[in-house]
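Observations on chain architecture
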Amino acid sequence: MLGCKDGRAWCVAALVLGGCSADSIEVDANDGSSSGTDGGDPAGTDPDTAPSADDGPSGGGDPSTAGQAGFCGDGVVDGDEECDGSDLNGESCEGMGGDGTLTCTGDCTFELCDCTWGGAPPTCVPPVCGNGVVESGEECDGTDLDGQSCDEMGAVGILACDDDCTFDTCDCIWEGEPPTCGPPVCGNGWVEDGEACDGSIEGSDGWVPTCTDLLMAPHAGEPACASDCTYDTSGCTLCGNGIVDDGEACDGDGPTCSELGLGVGVAACTAACELDVSACTLCGNGVVDDGEACDGAAIPTTCSDQGFLLGTLSCDNACGLDLSGCSTCGDGIVSGEEPCDPTVPGLCLCSESCIEDAQSCIAVMMSEILYAPLADPDAKPGQWIELHNPAATPWDLQGCVFTGDLGIDTFDIDTPLVIEAGGYATLGSGTELELGFTPDFPMPIGVGLFNDGDLVTLTCDGVVIDTVSYDDVAPWPAVAPGTSIALAVLDAGANDDGAAWCSGATAYGPGHLGTPGAANDCP
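Analysis parameters
- Residues numbered from 1 in each chain as written.
- Predicted model: local features only at pLDDT ≥ 70, side-chain atom pairs only at ≥ 80, totals over all residues.
- Heavy atoms only, no water.
- Pairing = 2+ DSSP bridges.
- Helix = DSSP H or I, 4+ residues; strand = E, 2+ residues; numbered from the N terminus.
- Core = buried A, V, L, I, M, F, W, Y, C linked by side-chain atoms within 4.5 Å.
- Buried < 20%, exposed > 50% of the residue type's maximum accessible area, 1.4 Å probe, protein only.
- Contact = heavy atoms within 4.5 Å.
- Disulfide = S-S within 2.5 Å.
- Lys, Arg positive; Asp, Glu negative; His and termini not counted.
- Salt bridge = Lys/Arg side-chain N within 4 Å of Asp/Glu carboxyl O.
- Polar contact = N/O pair within 3.5 Å; in protein donor to acceptor, adjacent residues only side chain to side chain.
- pLDDT = per-residue confidence, 0-100.
- Patch = residues over 30% accessible without salt bridge, like charges linked within 9 Å, V, L, I, M, F, W, Y side chains within 5 Å.
- Areas by Shrake-Rupley, 256 points an atom, 1.4 Å probe, with all protein chains shown as cover.
- Phe/Tyr/Trp six-rings, centres within 6.5 Å; stacked < 30°, edge-to-face > 60°.

Moving on to the sheet that holds strand β21 (residues 365-370). Sheet architecture is open: six strands sit in the order β28-β27-β22-β21-β31-β32, paired in mixed fashion. A strand with exactly one partner marks an edge of an open sheet, and here the two such strands are β28 (441-442) and β32 (501-503). As judged from the three bridges shared by strand β31 (residues 485-487) and β32, these two strands associate in the antiparallel manner. By the bridge assignment, Ala-486 is partnered in β32 with Cys-502.

Laid out in structure tokens, this is it:
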């Protein structure tokens with residue numbers, strides 16, 4: 001058994017070095033003597049445990065060496081120790097750039113397992129900037145950019161990493177933002193010191209030079225910005241500057257064909273400042289030249305010469321004859337100056353010389369209407385319309401169209417319906433008993449006239465012949481069922497005026513009053 005003497009520090013050192021057992025040594029505070037707790041030899045005479053004269057601190061050697069430099073376990077950081085016991089040499093997890101609690105291991109080195117960096121789980125090893133691997137707390141490390149780039153940041157350029165493992169964005173350029181660091185870079189789109197332009201021709205102050213500006217003389221074309229950020233004037237040219245320079249036939253607007261002795265028109269000037277006279281022609285000079293049938297007002301022939309009876313020839317833009325104004329009466333085509341053709345149906349009679357007879361034009365009008373039938377005022381059967389032809393010529397209304405207020409009240413006169421000169425014709429809905437007479441043309445089932453007013457139109461050959469918009473209130477006459485309203489003055493221009501109508505007074509059947517198909521009986 002090793003005896004612990006001459007002070008507590010030596011004994012502690014012996015414990016650390018393994019010379020003394022913690023459970024077998026007692027230290028006397030008064031004289032430094034020790035005795036085994038297990039009843040061993042207090043005099044230290046046990047040959048198995050007695051220290052030799054050559055033993056060090058752990059074998060009972062010189063106790064004055066305890067606490068010297070590099071002695072781990074004495075609670076004092078010395079020598080090459082990072083820490084010793086609770087002495088952390090002023091260091092902490094926070095001082096290392098992390099969070100948590102720093103402790104000391106038994107071999108006097110830092111225990112980092114309770115430190116964390118950047119919220120990452122403990123790794124027991126702090127991040128090392130410069131090892132080429134992005135670790136907790138680092139933005140980047142060498143060429144490891146952790147998946148980031150200028151593009152990812154919404155910019156263009158090349159992202160780099162600084163020596164402190166943070167991003168170097170000097171070569172990143174954000175849209176609308178000039179470079180913030182680094183030397184001028186040709187090609188980054190910003191005009192910097194020493195550059196005339198960069199990408200576009202626009203300078204740093206917004207100035208956009210022209211070829212004339214750069215060459216100090218009138219030039220056409222557009223300058224460009226070269227790849228070395230200098231002006232490129234290779235696109236500049238004298239052609240297009242509006243001045244006829246040496247070697248150019250023209251520049252800008254071309255001369256007239258007349259000035260060139262090439263007839264009429266205007267010569268063009270090409271992009272190469274050469275004359276294009278393809279638009280020059282003799283046609284239009286007012287002279288019938290070789291190859292021309294006419295020229296403007298110079299027309300050496302007539303419609304008659306061309307085999308037509310009527311019309312006037314004209315000259316087209318190509319100095320050819322325009323025969324559209326010529327016609328032959330009776331050929332079945334209304335053309336040229338013909339107002340009509342006797343073989344083509346029209347609204348007026350046409351003579352054999354294609355002259356229209358104004359007195360014969362269709363002038364049929366609606367002259368009498370019964371809209372409230374006797375049997376049932378609200379029913380359609382029993383309703384009728386009378387037409388009058390005041391002209392001296394009979395007219396066949398086949399093909400004409402009647403239209404009411406509603407689309408369902410539209411119908412064609414699809415069979416011959418001739419109204420003699422000065423005569424009448426009737427259109428009616430229902431039987432002879434319901435109408436009180438037999439109509440000249442039966443109105444289709446479903447077509448009706450409204451009792452409280454309606455708009456009725458007769459159209460022939462696309463032309464509105466007559467329109468009546470009647471009503472059942474003053475000035476229109478108020479009529480009982482079975483009684484017509486009749487036009488007092490047979491004038492198509494007056495039949496929209498309610499005051500021009502009267503109530504039918506002549507009986508034409510049991511309970512019916514009116515004059516269908518005959519002269520009206522208005523007073």
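More follows now that the structure is in view.
The subject of this paragraph is the nonpolar core. Leu-387, Leu-397, Phe-402 and Tyr-470 are the most contacted members of the largest nonpolar core, which has 36 residues in total. Those elements giving two or more residues to this core turn out to be β21, β22 (384-388), β27 (424-428), β29 (454-460), β30 (463-470) and β31. Setting aside residues up to four positions removed in sequence, Phe-402 forms contacts with Met-366, Ile-385, Leu-387, Asp-409, Thr-410, Phe-411, Ile-413, Leu-427, Val-456, Thr-457 and Leu-458. Counting residues in each nonpolar core, the second largest holds nine residues, with Cys-93, Cys-104, Phe-110 and Cys-115 among its members.

Here we take up the state of the cysteines. Summed over the entire model, instances satisfying the criterion amount to 18 disulfides. A sulfur-sulfur distance of 2.0 Å marks the disulfide that ties Cys-72 to Cys-108. Here the S-S torsion is close to 95°, and the disulfide linking Cys-72 with Cys-108 is therefore right-handed. Here Cys-72 is found in the loop between α1 (8-17) and β1 (99-100), whereas its partner Cys-108 is found in the loop between β2 (103-104) and β3 (110-111), with 36 residues between them in sequence. A relative accessible area of 4% places Cys-108 in the buried class.

Strand order in the open sheet made by the four strands is β25-β24-β29-β30, with antiparallel pairing throughout. Every interior strand has two partners, whereas the edge strands, β25 (411-412) and β30, have only one. Where strand β24 (residues 401-403) and β25 come together, two bridges link them in antiparallel fashion. If you follow Phe-402 over to β25, its bridge partner there is Phe-411.

Now for the side chain of Glu-368. Mapped onto the secondary structure, Glu-368 falls in strand β21. Lys-380 provides the closest opposite charge to the buried, unpaired Glu-368, separated from it by 22 Å. Apart from the residues lying within four places of it in its own chain, the contact partners of Glu-368 are Trp-384, Ile-385, Glu-386, Ser-484, Ile-485, Ala-486, Trp-501, Gly-514, Thr-515, Pro-516 and Asn-520.

Our focus in this paragraph is the side chain of Thr-301. Mapping Thr-301 onto the fold places it in the loop between β14 (275-276) and β15 (310-311). Engagement of the side chain of Thr-301 in a polar contact is seen with the side chain of Asp-305, the distance being 3.2 Å. Once residues lying within four places of it in the same chain are set aside, the contact partners of Thr-301 are Gln-306, Leu-313 and Leu-321.

In this model, the protein carries a mean pLDDT of 80, and residues with pLDDT of at least 70 account for 85%. Of the regions scoring below 50 in pLDDT, residues 1-68 engages in 87 contacts with residues more than four places distant in sequence or in other chains.

Along the chain, Ala-474 connects to Pro-475 via a cis peptide bond; the corresponding omega equals 10°. With respect to the helices and strands, the residue Pro-475 is situated in the loop between β30 and β31. The phi dihedral of Asp-146 is positive, around 55°, even though this residue is not glycine. With respect to the helices and strands, Asp-146 occurs in the loop between β4 (115-116) and β5 (155-157). We note that Met-216 has phi near 60°; this positive angle belongs to a residue other than glycine. Its place among the elements puts Met-216 in the loop between α2 (211-215) and β9 (220-221). Relative accessible area serves as the criterion here: at 71%, Met-216 is assigned to the exposed category.

Next up on the list: the environment of Phe-110. Of note, Phe-110 is situated in strand β3. Taking C-alpha positions, Phe-110 is 8.0 Å from Leu-88, a pair spaced 22 residues apart along the chain. Ignoring any residue separated from it by four or fewer positions in sequence, one finds Phe-110 in contact with Glu-82, Cys-83, Leu-88, Glu-91, Met-96, Leu-102, Thr-103 and Thr-105.

Before going further, it helps to spend a moment on a nonpolar patch on the surface. Residues Leu-260, Leu-262, Leu-275 and Val-277 make up a contiguous nonpolar surface patch of about 270 Å² in total accessible area. Examined against the element boundaries, Leu-275 turns out to sit in strand β14. The class of Leu-275 is partly exposed, set by a relative accessible area of 35%.

With that settled, the discussion passes to the packing of aromatic side chains. On inspection of all chains with the given rule, the structure shows seven aromatic pairs. Measuring from centroid to centroid gives 6.0 Å for Phe-437 and Tyr-508, while their planes differ by 70°, and the two rings are edge-to-face. Of this pair, Phe-437 sits in the loop between α3 (432-435) and β28 while Tyr-508 sits in strand β33 (residues 507-509), and the two are 71 residues apart along the sequence. Across the pair, exposure class does not vary: Phe-437 and Tyr-508 are buried alike.

Let us now look at the pairing of β30. Looking at chain direction, β29 and β30 are connected through seven bridges and run antiparallel. Bridge assignment links Asp-454 to a residue of β30, and that residue is Tyr-470. The antiparallel pairing of β29 with β30 creates a hairpin that spans two residues between the two strands, and Asp-461 there sits at a positive phi of about 55°.

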